[in-house]
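If you want the building blocks of each chain, they are given just below.
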Amino acid sequence: MKLYIVLDSWNTHFGNGTNIEVFTDKDKAQAYIKDQLDQAIKDWNFNKDIETDEHYFCILDDAATILDDCDVENWVVFEKEIEV
């Protein structure tokens, strides 16, 4: 059985930490990352029209990042095969 583990790590002026979510479907893991990135953009009041080396966001198939000066959050999907 394949598991898709989403690691969410952040370091912001509100604090830092890590969260792990586990999925059995890769599409659901990817959708979770997109939803989390969209929520971060909203929560941070992030201006998507400005992009610099210190202010950007990006999303790939299995990862996403949002960076605003010293605030950063990253999501990545790890794939793991387990025996059940």
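A quick note: this is a predicted structure, and the numbers were derived from the prediction, not measured. (Residues numbered from 1 in each chain as written. Predicted model: local features only at pLDDT ≥ 70, side-chain atom pairs only at ≥ 80, totals over all residues. Heavy atoms only, no water.)

**Thoughts on helix 1 (residues 26-43)**
Relative to the 26 Å expected for 18 residues at 1.5 Å per residue, helix 1 spans 26 Å between its end C-alpha atoms, a close match to the ideal helical length. Here helix 1 has its buried residues at A29, Y32, I33, L37, A40 and I41. Along its buried surface, helix 1 packs onto strand 1 (2-12), strand 2 (15-23), strand 3 (55-59), strand 4 (63-68) and strand 5 (71-81). Regarding helix 1, its N-cap is D25, as a side-chain oxygen of that residue lies 2.9 Å from the backbone nitrogen of D27 further along. (Helix = DSSP H or I, 4+ residues; strand = E, 2+ residues; numbered from the N terminus. Expected span 1.5 Å × (residues − 1). Buried < 20%, exposed > 50% of the residue type's maximum accessible area, 1.4 Å probe, protein only. Contact = heavy atoms within 4.5 Å. Polar contact = N/O pair within 3.5 Å; in protein donor to acceptor, adjacent residues only side chain to side chain.)

**Quick look at the sheet that holds strand 3**
Spatial ordering of the open sheet is given by 2-1-5-4-3, a layout of 5 strands whose pairing is antiparallel. In this open sheet, the two edge strands, each paired with only one partner strand, are strand 2 and strand 3. Ignoring which end each strand starts from, the neighbouring axes of this sheet average 10 degrees apart. Sheet topology places strand 1 next to strand 5; 10 bridges connect them, and they run antiparallel. The residue bridging W10 from the neighbouring strand is E73, located in strand 5. In the packing of helix 1 onto the sheet, contacts are made with strand 1, strand 2, strand 3, strand 4 and strand 5, and the angle to strand 5 comes to roughly 175 degrees. (Pairing = 2+ DSSP bridges. Axes fitted to C-alpha atoms, helices over the stretch in contact; angles between N-to-C directions.)

**Re the nonpolar core**
Counting residues in hydrophobic clusters, the biggest one holds 14 residues, and the most contacted among them are V6, I66 and W75. Listing elements by their share of this core, those giving two or more residues are strand 1, helix 1, strand 4 and strand 5. No other element matches helix 1, which puts 6 residues into this core. Among residues more than four places away in sequence, those in contact with V6 are N19, I20, E21, F23, A29, Y32, I33, W75, V76 and V77. (Core = buried A, V, L, I, M, F, W, Y, C linked by side-chain atoms within 4.5 Å.)

Function cannot be inferred from these measures alone, as they are strictly geometric.
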